[in-house]
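# Architecture and fold: a report
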Amino acid sequence: MNRKKQFTEGLITNNPVLVQQIGMCATMAITTTLFNGVGMGLSVLIILTCCNVVISALRKMIPGEIRLAIFVVVIAGFVTIVDLLLKAFVPALSEALGVFIPLIVVNCIIIGRAEAFCQKMPVKDSFFDGIFQGLGYTCVLIVMCVVREFLGAGRFGGGLIDVSNGFRFTLDGTGAGIQIFPESYGASIMSLPFGGFLTLGFLIAAMQYALKKAEDKKAKKAEEEKKEVEE
Amino acid sequence: MNKILKLSLVLFLISAIVAGVLGVINNITAPVIDAQRQAKTAAAFASVLKADRFDEIEFANPDFPTVQTVHKAEGVGYVVTSVFSGAQGNITLAVGVDNDYKCTGISVIEHSETSGLGANAASTGEVGVNFRAQFVGQDEGIALSNAGGSIDALTGATITSRAITEAVATSIRAVKSLA
């Protein structure tokens, strides 16, 4: 299978959030600071890749009748592992994301990819599918975080970047971020779930517009070529 | 019949493997998580009551089912930890109470409130600090401003704020019951 195509699909043409429109609940809930977005994105990426590999490796063993039950067991297993590891080693992230880490169990990106892809595809393809779909998810989260954090609190990189003592990355979530304008001038509604709906709506619209345009262009080109051949 | 047996066996095997792996991971992470919780509790105690030493005292009053532990700081006051339900799950709260039965500070030890709303009760940001500062100096008659008191709620829905306010009042009453 073509890796480049898989990459484009994960990030753009078949992006889990913007095109498949799955896994939206957490997307809207946690994208308030860059720290949360990157943390959540990477957690999903790791869980998705692990689940993809395991489910794909077991695909010949899994009887069709109980495949969903087995998917859920495998997914819940990996989510709990990541949850425990985060609690132990990145407590700030575990606290910031709260219940949304355990809720990855019911995030339809993971069971959706298992059902639509891994149960039919070899391990290697499933592995890359996990990475690219996970990246696509992470990218959307990052864009949403940047927009919402800027409009809502006038900040960039909250939790992840600290500039009080020279530029450095804070992986424990303590960095205050770069304040672009005073927090009190921000539209705090953007940090609330409403802002999540709004940002996601605009992002999906922009994505659909871009995809449609690319498609039209392709169709036009094909038509012109056809004409030329006819002439 | 054979088919059902086979299905059960496969599901059982996979569940057993997953459970085994989880057991191993839990064994590795449990002590780390526990140490972190203890450090956090110690920091929470220090932030609600200025004292060098906290000694746990026995507290088993059936009138206060939410109270988990009471620590006494000799001559200064008490720290009461309680577990009660918030908007999304249980909240663990430490409340400092001085010898005049006034609240000296509160600290949220554990919670699973909505990020950006109720979770602000525990945040280190301006909103969280201001919210918690309101409780300092309050007595057991404490109430939210929409109920005639002086505590401004975090959100319009006030679920988290009301739960915390009630827990602070309960903690003060628990300390009073000791006298």
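This write-up is about the structure you can find in this document. (Residues numbered from 1 in each chain as written. Chains lettered and ligands numbered in written order. Predicted model: local features only at pLDDT ≥ 70, side-chain atom pairs only at ≥ 80, totals over all residues.)

### Some words on the overall build of chain B
So the rule is basically this: The way it works is that DSSP assigns letters per residue, a run of H or I at least four long becomes a helix, a run of E at least two long becomes a strand, and they are numbered from the N terminus. A radius of gyration in this sense is built from C-alpha atoms; the matching globule rule multiplies 2.2 Å by the number of residues raised to 0.38. Three exposure classes are used. Buried residues have 20 or more other C-beta atoms within 10 Å of their own C-beta, exposed residues have 12 or fewer, and partly exposed residues fall in between, all C-beta atoms being placed from the backbone. For the purpose of contact definition, each residue receives a C-beta atom placed from its backbone, and two residues are in contact when these atoms lie within 7 Å.
The number of helices and strands found in chain B is 3 helices and 5 strands. The order of α-helices and β-strands along chain B, N terminus first, is α-β-β-β-β-β-α-α. In terms of C-alpha radius of gyration, chain B reaches 21 Å, well past the compact-globule figure of 16 Å for 179 residues. In terms of principal-axis extent, the alpha carbons of chain B reach across some 70 × 40 × 35 Å. Within chain B, the proportion of its 179 residues that are buried is 35%. Here the analysis covers contacts within chain B between residues at least 6 apart in sequence; of these, 53% occur between residues at least 24 apart.

### Some thoughts on the overall build of chain A
Within chain A one finds 8 helices and 4 strands. Going residue by residue from the N terminus, the α and β elements of chain A occur as α-α-α-α-α-α-α-β-β-β-β-α. Seen along its three principal axes, the alpha-carbon backbone of chain A occupies a region of about 65 × 50 × 30 Å. For chain A, the residues scored as buried account for 39% of the 231 residues in total. Contacts in chain A between residues at least 24 apart in sequence constitute 77% of all its contacts with a sequence separation of at least 6.

### Concerning the sheet that holds strand β1 (residues 55-57) of chain B
All names here are of chain B. Which entries qualify depends on this criterion: When DSSP finds two or more bridges between a pair of strands, those strands are recorded as paired. Fitting a line to C-alpha atoms yields each axis, with helices limited to the stretch in contact; the angle taken between N-to-C directions then spans 0 to 180 degrees.
One open sheet holds the 5 strands; their spatial order is β1-β2-β3-β4-β5, and the pairing between them is antiparallel. Because the sheet does not close on itself, it has two edges, and the strands there are β1 and β5 (103-110). Averaged over neighbouring strand pairs, the angle between their axes works out to 25° when direction is ignored. Direction of pairing for strand β4 (residues 90-98) relative to β5: antiparallel, over a ladder of 6 bridges. Its bridge partner being in β5, Ala-94 is matched across the sheet by Ser-107. Relative to β5, helix α1 (residues 2-48) is tilted by about 160°, and along the sheet it contacts β2 (67-73), β3 (77-85), β4 and β5.

### Considering the packing of helix α1 (residues 3-13) of chain A against helix α7 (residues 123-153) of chain A
Residues and elements named next belong to chain A. What counts is decided by this rule: Here is the rule for angles: anything less than 35 degrees is roughly parallel, anything more than 145 is roughly antiparallel, 65 through 115 is roughly perpendicular, and the remaining ranges are oblique. Handedness of a helix crossing follows the sense of rotation of the near helix relative to the far helix, less than a right angle counterclockwise being left-handed and clockwise being right-handed.
Contact geometry of α1 with α7 gives a least axis separation of 7 Å together with a crossing angle of 30°. Looking at the two axes, α1 sits roughly parallel to α7. Once α1 is placed against α7, the crossing between them reads as right-handed. Contact residues: Arg-3, Gln-6, Phe-7, Glu-9, Gly-10 and Leu-11 in α1; Phe-128, Asp-129, Phe-132, Gln-133, Leu-135, Gly-136 and Cys-139 in α7.

### Remarks on the environment of Phe-202 of chain A
Residue and element names in this part refer to chain A. Within the secondary structure layout, Phe-202 lies in helix α8 (residues 193-230). On the basis of neighbour counts, which here come to 12 C-beta atoms within 10 Å, the residue Phe-202 falls in the exposed class. Spatially, the C-alpha atom of Phe-202 lies 33 Å from that of Gln-119, the residues being 83 residues apart in sequence.

### Focus: the nonpolar core
To keep things clear, this is the line we draw: The term nonpolar core refers to a group of buried residues, namely Ala, Val, Leu, Ile, Met, Phe, Trp, Tyr and Cys, whose C-beta atoms join them within 7 Å.
Among the nonpolar cores identified, the biggest contains 47 residues, and Ile-47, Cys-51, Val-74, Phe-78 and Ile-110 of chain A are the most heavily contacted of them. Put simply, the parts of the chain that give this core at least two residues each are α2 (24-30), α3 (34-57), α4 (67-89), α5 (91-97), α6 (108-118) and α7 of chain A together with α1 of chain B. Excluding residues that lie within four positions of it along the chain, Ile-110 of chain A makes contacts with Ile-47, Leu-48, Cys-51, Ile-75 and Ile-104 of chain A. Grouped together as the second largest cluster of nonpolar side chains are 34 residues, Val-70, Cys-103, Ala-174 and Val-175 of chain B included.

### With respect to the packing of α4 of chain A against α1 of chain B
Convention followed: Only Asp, Glu, Lys and Arg are considered charged, only Ala, Val, Leu, Ile, Met, Phe, Trp, Tyr, Cys and Pro nonpolar, and every remaining residue, Gly among them, polar.
Packing of α4 of chain A against α1 of chain B leaves a shortest axis separation of 9 Å and a crossing angle of 5°. The orientation of α4 of chain A relative to α1 of chain B falls into the category roughly parallel. Along its contact with α4 of chain A, which presents Ala-69, Ile-70, Val-73, Val-74, Gly-77, Thr-80, Ile-81, Leu-84, Leu-85, Lys-87 and Ala-88 of chain A, the element α1 of chain B presents Leu-11, Ile-14, Ser-15, Val-18, Val-21, Leu-22, Ile-25, Asn-26, Thr-29, Val-32 and Ile-33 of chain B. The class makeup of the residues in the contact of α4 of chain A with α1 of chain B is 16 nonpolar, 5 polar and 1 charged.

### Overview of the interface of chain B and chain A
Counting residues at the interface gives 19 residues for chain B and 23 residues for chain A. Class assignment of the residues belonging to the side of chain B that touches chain A gives a composition of 11 nonpolar, 8 polar and no charged.

### Let's talk about the environment of Leu-200 of chain A
Residues and elements named next belong to chain A. Counting through the fold element by element, Leu-200 comes out in helix α8. What makes Leu-200 buried here is the crowd of 22 C-beta atoms within 10 Å. Linking Leu-200 and Val-82, residues 118 residues apart in sequence, is a C-alpha distance of 26 Å. Excluding residues that lie within four positions of it along the chain, Leu-200 makes contacts with Met-24, Thr-27, Met-28 and Met-144.

### A look at the pairing of β4 of chain B
Residue and element names in this part refer to chain B. In terms of burial, β4 is largely enclosed, as 7 of its 9 residues are buried. The turn joining β3 and β4, which pair antiparallel and follow one another in sequence, is formed by 4 residues. Here β4 folds back onto β5 in antiparallel fashion, the turn holding 4 residues, of which Tyr-101 has a positive phi close to 60°.

### Overview of helix α3 (residues 159-178) of chain B
Definition in use: Given a helix with a known number of residues, its expected span is that number minus one, times 1.5 Å.
Given a rise of 1.5 Å per residue, 20 residues ought to cover 28 Å, and the 29 Å separating the end C-alpha atoms of α3 of chain B matches this to within 8%. Residues of α3 of chain B that are buried in the fold lie against β2, β3, β4 and β5 of chain B.

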